[in-house]
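The lines below spell out each chain.
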Amino acid sequence: MRTYCLFQAVNSPDLRAFSEEPTGGSLPRDLGPWTLVREIRPNEEWTSPISRAVVAAGIIENGFYLWGPAERPASHLIIESDRVEGTAVFDRKYDQIGTIKRLLIEKVSGRVFFVDVTFGGFLGIGSHHVTIPWEKLTYDKELEGYRTDLTEAQVRGAATLYGDKGVLPDQTRQQEMSDYWNNVPN
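Residues numbered from 1 in each chain as written. Predicted model: local features only at pLDDT ≥ 70, side-chain atom pairs only at ≥ 80, totals over all residues. Heavy atoms only, no water.

As for the sheet that holds strand S5 (residues 88–90)
Inference 1: Ordered in space as S8-S7-S6-S5-S10-S9, the 6 strands form an open sheet in which the pairing is mixed. Every interior strand has two partners, whereas the edge strands, strand S8 (128–133) and strand S9 (138–140), have only one. For this sheet, the mean angle separating the axes of adjacent strands, direction not counted, is 40°. (Pairing = 2+ DSSP bridges. Helix = DSSP H or I, 4+ residues; strand = E, 2+ residues; numbered from the N terminus. Axes fitted to C-alpha atoms, helices over the stretch in contact; angles between N-to-C directions.)

Written out as structure tokens, the structure reads:
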């Protein structure tokens, strides 16, 4: 386990950042200056509403993790599919309910229609796949993952596009999936 340093932006009091460096040298300078609020040692209770795993992933990817409003233009207008695959999916309570396995693209239009989301299991064993409409997801910069208003129960109850052993769907399965998402149960 690591020691995390929690910082606050001087010019934006609602903006926080996590880093492993007490100097804050890896934090974005354009959003600073930064003030060290506290160090969180490995054996201390984690009280942040953002999960320790999400913070760790952000630090591994960027050298820091931002939390709160940051006025910054998007660095990329497009994203490659392999960067979407493996991204966490969170419910409205910020709980991770799954991970994006793959994008499902309509051949003719080239639009992403659905995403295959996995949840449960350990190291891929015992995990379940569900297929949800792409428009049900919104990228959340703070979480560095996708958010949905769907509950875990709604996602678990969804039909999967793929049949047994990854067989592509037939018309009946496609219709079942469309019917489910057109009338999502509460």
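Quick word on the nonpolar core
Inference 1: One finds Ile-100, Val-115, Val-130, Ile-132, Leu-137 and Trp-181 to be the most contacted residues of the largest nonpolar core, which totals 21 residues.
Inference 2: Looking at this core, the elements with two or more residues in it are strand S6 (96–105), strand S7 (112–119), S8 and helix H4 (171–182).
Inference 3: Looking at this core element by element, the count peaks at 5 residues for S7.
Inference 4: Beyond its immediate sequence surroundings of up to four residues, Ile-132 is in contact with Phe-113, Phe-114, Val-115, Val-117, Leu-137, Leu-150 and Trp-181. (Core = buried A, V, L, I, M, F, W, Y, C linked by side-chain atoms within 4.5 Å. Buried < 20%, exposed > 50% of the residue type's maximum accessible area, 1.4 Å probe, protein only. Contact = heavy atoms within 4.5 Å.)

A few points about the side chain of Ser-19
Inference 1: Looking at where Ser-19 falls in the secondary structure, it is placed in strand S2 (residues 16–19).
Inference 2: Given a relative accessible area of 0%, Ser-19 falls into the buried group.
Inference 3: A polar side-chain atom of Ser-19 sits 3.0 Å from the main-chain amide nitrogen of Glu-21.
Inference 4: Apart from residues no more than four positions distant in its own chain, Ser-19 is found in contact with Thr-3, Tyr-4, Cys-5, Phe-7, Ser-26, Leu-27, Ile-59 and Gly-63. (Polar contact = N/O pair within 3.5 Å; in protein donor to acceptor, adjacent residues only side chain to side chain.)

Some thoughts on the pairing of S7
Inference 1: A large share of S7 lies buried, amounting to 7 of its 8 residues.
Inference 2: In terms of strand pairing, S6 meets S7 through 6 bridges, oriented antiparallel. Counted as the bridge partner of Arg-102 is Asp-116 from S7.
Inference 3: Where S6 hands over to S7, the hairpin turn is made up of 6 residues, of which Gly-110 adopts a positive phi near 80°.

These results come straight from atomic positions and should not be treated as a statement about function.
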